[in-house]
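Structure at a glance
Listed below, chain by chain, are the residues.
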Amino acid sequence: MDIIDTKLVKINPNNIDYEILSEAASIIKNGGTVIFPTETVYGLGANALDEDACDKIYKAKGRPSDNPLIVHIISMDELNKLVREIPENAEIMADKFWPGPLTMIFDKKDIISYKITAGLETVAVRMPENKIARELIRLSGCPIAAPSANTSGKPSPTSAQHVIEDMLGRVDMIIDGGSCDIGLESSVVDITGDIPTILRPGKVTKEDIERLFGKCDTDPAIIKSDEKIVPKSPGQKYRHYSPKAELILYKGSLKKTVNSIKKDCKEYIRKAKKVGIIASEQTRSFYDNLNDEVVIKVVGDRKNPLTIATNLFDVLRSFDSSNVNVILSESFDDKGIGGAIMNRLGKAASKKIELGKLKVLFVCTGNTCRSPMAEGIMKDIARQKGWDIEISSAGISAIDGDNPSQNAVLVLNKMGIDISKHKSRLINEKMLEEADLIITMTNQHKEILLRRYNNLEGKITSFNIQDPYGRSHNVYQSCSEEIRGEILKISDSLMI
Ligand code: TXA
Ligand code: MG
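Residues numbered from 1 in each chain as written. Chains lettered and ligands numbered in written order. Predicted model: local features only at pLDDT ≥ 70, side-chain atom pairs only at ≥ 80, totals over all residues. Heavy atoms only, no water.

Some thoughts on the overall build of the protein
Counting its regular elements, the protein contains 17 helices and 20 strands. Judged by the C-alpha coordinates and their principal axes, the protein covers about 90 × 55 × 45 Å. Residue pairs at least 24 apart in sequence account for 68% of intrachain contacts in the protein once pairs closer than 6 positions are excluded. Of the roughly 22,600 Å² of accessible surface on the protein, a fraction of 45% belongs to carbon and sulfur atoms. Computing the positive centroid from 68 side-chain charges and the negative centroid from 69, the protein places the two 5 Å apart. (Helix = DSSP H or I, 4+ residues; strand = E, 2+ residues; numbered from the N terminus. Contact = heavy atoms within 4.5 Å. Areas by Shrake-Rupley, 256 points an atom, 1.4 Å probe, with all protein chains shown as cover. Lys, Arg positive; Asp, Glu negative; His and termini not counted. Charge placed at Lys NZ, Arg CZ, Asp CG, Glu CD.)

This is the structure in structure tokens:
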């Protein structure tokens, strides 16, 4: 496309300069394009009722014409003019979440052209909260069609710098209004049926909507990574949010993730590749002793997932300028806004590695007292704390199929834990290989294993629990208490 002379302006959202904003509004009124901030991401706006203006949006983004645009409004009156019907569910949703990071799908009126909806009979509408966005719509006197203001396929822009990188020379004006608070695009929800259905996850979550209606579905195409299921939201079918380098997403236990990322990172370095890592506050220090060339970005704090949402696109984009060849990324809890974070990371990734659950193996001598007790106690703690891990036990000189000692069974029974069905197992190489963490009951056990088997360094540790075999009930009792204490002590390092 021809290069346009883009006017760059800055507006403080807390002290709006109306002279500048009126200039932006007249560009919109006259069929031009203006990039403006919203609370989610920056939008590339044009008059939604002007087909030629909307054409300019597709051209500037290089967007496929089968991917429809979102129409931004500031009042329910305006909504009435654009859609055939406002279902009751939509009224309830609007009451609760508008203005805000929610887009709803409605049956369109004729006033909305097929250019905006990419030929669909439905139109996506959002009422943003950002003051600059709202005032721009008000001063323009028309609804504003606006997709995210990135080049198609790239991560959405969350700062004016991102917008400038992609859009200088492609639009009439760029308004720098600071960084976007949320950092991920709005939730797109279809409310035309009985049960609201999420077509694109965002800050307004499935849990939020369930609280209102009891039920909320998610488009199966978003949950399953099966390419044959066509998403209801056309934008979801494209690979998206992609940095230049290939992104590999590690899924499964965090401890396994960190170990695999470190291992793979070393392998890439050996092959002379420059590596980037997407880490979190909680894991940053584990990557400390990798090569200095590795570019490690902390995306946010796992305890405050909103920080991850806010920074994600900036982190993805920043790898482009550090010229890495491959990016290795951790995964995040997919509850709440985590669902949206994982949706975007999933779309950015060209490869996913499923690591599965953390596997813990307890080892003692005969696998009839200490290690089965440890297995039973840890399973009980895991159940209470909701840890999704696999726990087993074995003995260095065990006889396969022996019963646990009577006292071990009795003592655990009092704690409400049943290990009576346990059968002892003789340790073997496969068990050790499959375990992510091997915990022996004494240092001696650990030494024996290290002498007999290879590749255990870094995943073997020991408690200091003496053998209660053949001793009194009381000795077993205190042994069980010691084991519980030791397990709780190491639980932080498990990163569950
Ligand atoms: O937060 C946001 O939603 C940002 C800001 C600027 O408002 N906008 C945004 O727009 O992310 P865009 O165009 O990048 O994404 C719109 C999504 C696309 O996945 C598109 O396919 C979907 O909404 N969409 C639009 N109209 C639709 C319709 N009628 N039915 C289903 N999906 C639709
Ligand atoms: Mg987009």
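Picking up after the structure, the text goes on.
Comments concerning the sheet that holds strand β7 (residues 144-145)
In spatial order, the strands read β1-β8-β2-β3-β7-β4-β6-β5-β9-β10-β11; together these eleven strands make up an open sheet with mixed pairing. Here the strands that pair on one side only, and so sit at the sheet edges, are β1 (7-10) and β11 (217-218). One ladder, built from two bridges, connects strand β2 (residues 34-36) with strand β8 (residues 173-176); its direction is parallel. Across the sheet, the residue bridging to Ile35 is Ile174, located in β8. Packed onto the sheet, helix α2 (residues 51-61) meets β3 (43-47) and β7 and runs at close to 155 degrees relative to β3. (Pairing = 2+ DSSP bridges. Axes fitted to C-alpha atoms, helices over the stretch in contact; angles between N-to-C directions.)

Some thoughts on helix α13 (residues 370-385)
Compared with the 22 Å implied by 1.5 Å per residue over 16 residues, the 22 Å span of α13 between its first and last C-alpha is a close match. Among the 16 residues in α13, twelve count as buried, and that is most of the element. When we look at burial in α13, the residues that qualify are Arg370, Ser371, Pro372, Met373, Ala374, Glu375, Gly376, Ile377, Met378, Asp380, Ile381 and Ala382. Its buried side turned inward, α13 meets β17 (358-364), β18 (389-395), α14 (406-414), α16 (443-452) and α17 (473-490). (Expected span 1.5 Å × (residues − 1). Buried < 20%, exposed > 50% of the residue type's maximum accessible area, 1.4 Å probe, protein only.)

So, the packing of helix α1 (residues 18-29) against helix α6 (residues 131-140)
Relative to each other, α1 and α6 sit at 55 degrees, their axes nearing to 8 Å. With respect to their mutual orientation, α1 and α6 come out oblique. Where α1 crosses over α6, the handedness of that crossing is right-handed. The residues of α6 that touch α1, namely those facing Tyr18, Leu21, Ser22, Ala24, Ala25, Ile28 and Lys29, are Ile132, Glu135, Leu136, Arg138, Leu139 and Ser140. Class assignment of the residues belonging to the contact of α1 with α6 gives a composition of eight nonpolar, two polar and three charged. (Parallel < 35°, antiparallel > 145°, perpendicular 65-115°, else oblique. Left-handed = near helix turned anticlockwise from the far one by under 90°. Nonpolar A, V, L, I, M, F, W, Y, C, P; charged D, E, K, R; others polar.)

Structural notes on the sheet that holds β18
Read from one edge of the open sheet, four strands run β18-β17-β19-β20, paired in parallel fashion. Of all strands in the sheet, those with a lone pairing partner are β18 and β20 (460-462), marking the two edges. Across the sheet, the mean angle from the axis of one strand to that of its neighbour is 25 degrees, orientation sign disregarded. Sheet topology places β17 next to strand β19 (residues 437-440); four bridges connect them, and they run parallel. If you follow Val363 over to β19, its bridge partner there is Thr440. Contacting β17 and β18, α13 runs over the sheet at an angle of about 170 degrees to β18.

Some remarks on the site of ligand 1
Of all residues adjacent to ligand 1, which total 28 residues, the nearest are Thr40, Asn67, His72, Ser186 and Gly235. Contact distances for ligand 1 include 2.8 Å between an oxygen atom and a side-chain N or O atom of Arg63. Separating an oxygen atom of ligand 1 from a side-chain N or O atom of Arg126 is a distance of 3.0 Å. Mapped by element, the contributors of at least two residues to the shell around ligand 1 are β4 (70-72), β6 (122-126) and β10 (197-200). The class makeup of the residues in the shell around ligand 1 is 14 nonpolar, nine polar and five charged. (Near = heavy atom within 4 Å. Polar contact = N/O pair within 3.5 Å; in protein donor to acceptor, adjacent residues only side chain to side chain.)

Overview of the pairing of β3
Of all five residues that make up β3, five are buried, and the element is covered over most of its length. With three bridges joining them, β2 and β3 adopt antiparallel strand pairing. In the sheet register, Phe36 faces β3, and the bridge partner there is Gly43. The loop that links β2 with its antiparallel partner β3 comprises six residues. Pairing analysis gives two bridges linking β3 to β7, with the strands arranged antiparallel. Counted as the bridge partner of Asn47 is Ile144 from β7.

Re the pattern of salt bridges
Evaluation of the coordinates by the stated rule reveals 24 salt bridges. With its nearest N and O atoms 3.2 Å apart, the salt bridge here joins Arg211 to Asp208. On the criterion of helical spacing, the pair formed by Arg211 and Asp208 is a turn pair, its members being three residues apart in helix α8 (residues 206-213). Measuring nitrogen to oxygen at the nearest pair gives 3.3 Å for the salt bridge that ties Asp388 to Lys357. You can see Asp388 sitting in the loop between α13 and β18 and its partner Lys357 sitting in the loop between β16 (351-354) and β17, a full 31 residues away along the chain. What makes Lys357 partly exposed here is its relative accessible area of 36%. (Salt bridge = Lys/Arg side-chain N within 4 Å of Asp/Glu carboxyl O.)

Concerning the packing of helix α11 (residues 305-321) against helix α12 (residues 338-348)
Their axes nearest at 10 Å, the elements α11 and α12 cross at an angle of 20 degrees. With respect to their mutual orientation, α11 and α12 come out roughly parallel. Considering only the axes of α11 and α12, their crossing is left-handed. Where α11 abuts α12, its residues Pro305, Ile308, Ala309, Leu312, Phe313 and Leu316 lie against Ile341, Arg344, Leu345 and Ala348. By residue class, the composition of the contact of α11 with α12 is nine nonpolar, no polar and one charged.

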